[in-house]
Amino acid sequence: MTRIIERLDDISDRYDALFVDLWGCLHDGYRPFPDAVAALERFKAGGGKVVLLTNSPRPRAAVIRQLEKIGVPRATWDDIASSGDSAQAGMMRGAVGRRVYHMGPPVDESFFTDTADDITDEVGITRVPLTEAEGIVCTGLEDDETETPEDYRAQLLYAKNAGMKLLCANPDIVVDRGDKRIFCAGALAQLYTEMGGKSLYFGKPHPPIYDLARRRLRALDGPVDESRILCMGDGIATDIQGATGENLDSLFISGGLARAETGTDRQPDPGKLEAYLAEAQQSPDYSIGHLR
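Residues numbered from 1 in each chain as written. Predicted model: local features only at pLDDT ≥ 70, side-chain atom pairs only at ≥ 80, totals over all residues. Heavy atoms only, no water.

Colleague: Requested: an account of the packing of helix 4 (residues 153–161) against helix 5 (residues 185–194), with residues and values cited.
Modeller: Between helix 4 and helix 5, the shortest axis-to-axis distance is 10 Å and the interhelical angle comes to 50°. As far as their axial angle goes, helix 5 and helix 4 are oblique. As helix 4 packs across helix 5, the resulting crossing turns out to be right-handed. From helix 4, Arg153, Leu156, Ala159 and Lys160 reach across to helix 5, where they touch Leu188, Leu191 and Tyr192. Along the lines of polarity and charge, the residues of the contact of helix 4 with helix 5 split into five nonpolar, no polar and two charged. (Axes fitted to C-alpha atoms, helices over the stretch in contact; angles between N-to-C directions. Helix = DSSP H or I, 4+ residues; strand = E, 2+ residues; numbered from the N terminus. Parallel < 35°, antiparallel > 145°, perpendicular 65-115°, else oblique. Left-handed = near helix turned anticlockwise from the far one by under 90°. Contact = heavy atoms within 4.5 Å. Nonpolar A, V, L, I, M, F, W, Y, C, P; charged D, E, K, R; others polar.)

Colleague: Outline the sheet that holds strand 3 (residues 49–54), listing residues and values.
Modeller: Reading across the sheet, the seven strands line up as 1-14-13-12-2-3-4 and stay open at both edges, with parallel pairing between neighbours. Bordering the open sheet on either side are strand 1 (3–4) and strand 4 (79–82), each of which pairs with just one other strand. Lying over the sheet, helix 3 (residues 83–92) contacts strand 3 and strand 4, oriented at roughly 55° with respect to strand 4. (Pairing = 2+ DSSP bridges.)

Colleague: Describe the packing of aromatic side chains, with residues and values.
Modeller: Inspection of every chain in the model, using the stated rule, returns two aromatic pairs. Aromatic pair Phe111 and Phe112: ring centres 5.2 Å apart, planes at 70°, arrangement edge-to-face. Each member of the pair, Phe111 together with Phe112, is buried. Their ring planes at 10° and their centres at 6.0 Å tell us that Phe252 and Tyr276 sit as a pair that is stacked. Separated by 24 residues along the polypeptide, Phe252 in strand 13 (residues 249–253) and Tyr276 in helix 8 (residues 270–280) bring together distant segments of the chain. Note on accessibility: Phe252 and Tyr276 belong to one class, buried. (Phe/Tyr/Trp six-rings, centres within 6.5 Å; stacked < 30°, edge-to-face > 60°. Buried < 20%, exposed > 50% of the residue type's maximum accessible area, 1.4 Å probe, protein only.)

Printed below as a string of structure tokens:
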């Protein structure tokens, strides 16, 4: 049974490091949450390390630029591990072939140009039209303000019939941008799988992104006892399921994607929260309405 806490400070002395989700936990796509910023600054001031663990399809350098643009203070984090980083590493090992088609918006061009020092192109990736591709690299919908996954059915059917694999750079199905819910790359990968295609995942809740986060955490200050790492986020099927799969403690932010289901205003309604968690078959160690 999850324990509802009032503030991160209630449990922070039990942990040396945090793996922190971004969208819905630290910001809403437009602006940071002041209480969340303050909570992470306090944790770091006490000697803790913070790795931002995000299903953004963008590599670390592009995520940093986005955080700077929306005003997330640099003092809130030590390093970043993104689904974009992890998926990029998979692509550069040839996971979907050497000739790839990019399915996604122009803003995600950085996926093919920004590469961290710990990721190298081992096969010589070339971007080509869909009709010449060996596989698809999906970072999202080209216009997530107006499109739905159904708009991509014809392209996905062509790819399936050609036997292509789809590399999903963001397993999230939806996120909330401000007060609008939008589809992510995970929704396209889900549809492709339903159509009989093969989708490959590298972000939460799948192991590759956690392996990357651990490597980057170790690079900060040496080995960390895994019992003293806390994962947090608002995605029950990504943040919490991923933490459970990695045998890491978790803090569920109920006021994000599940705010209606959990009856969250400042804090979740205990009965609704328990019902939601039971239906999801997940049991986070702690829950809180909003990170603070």
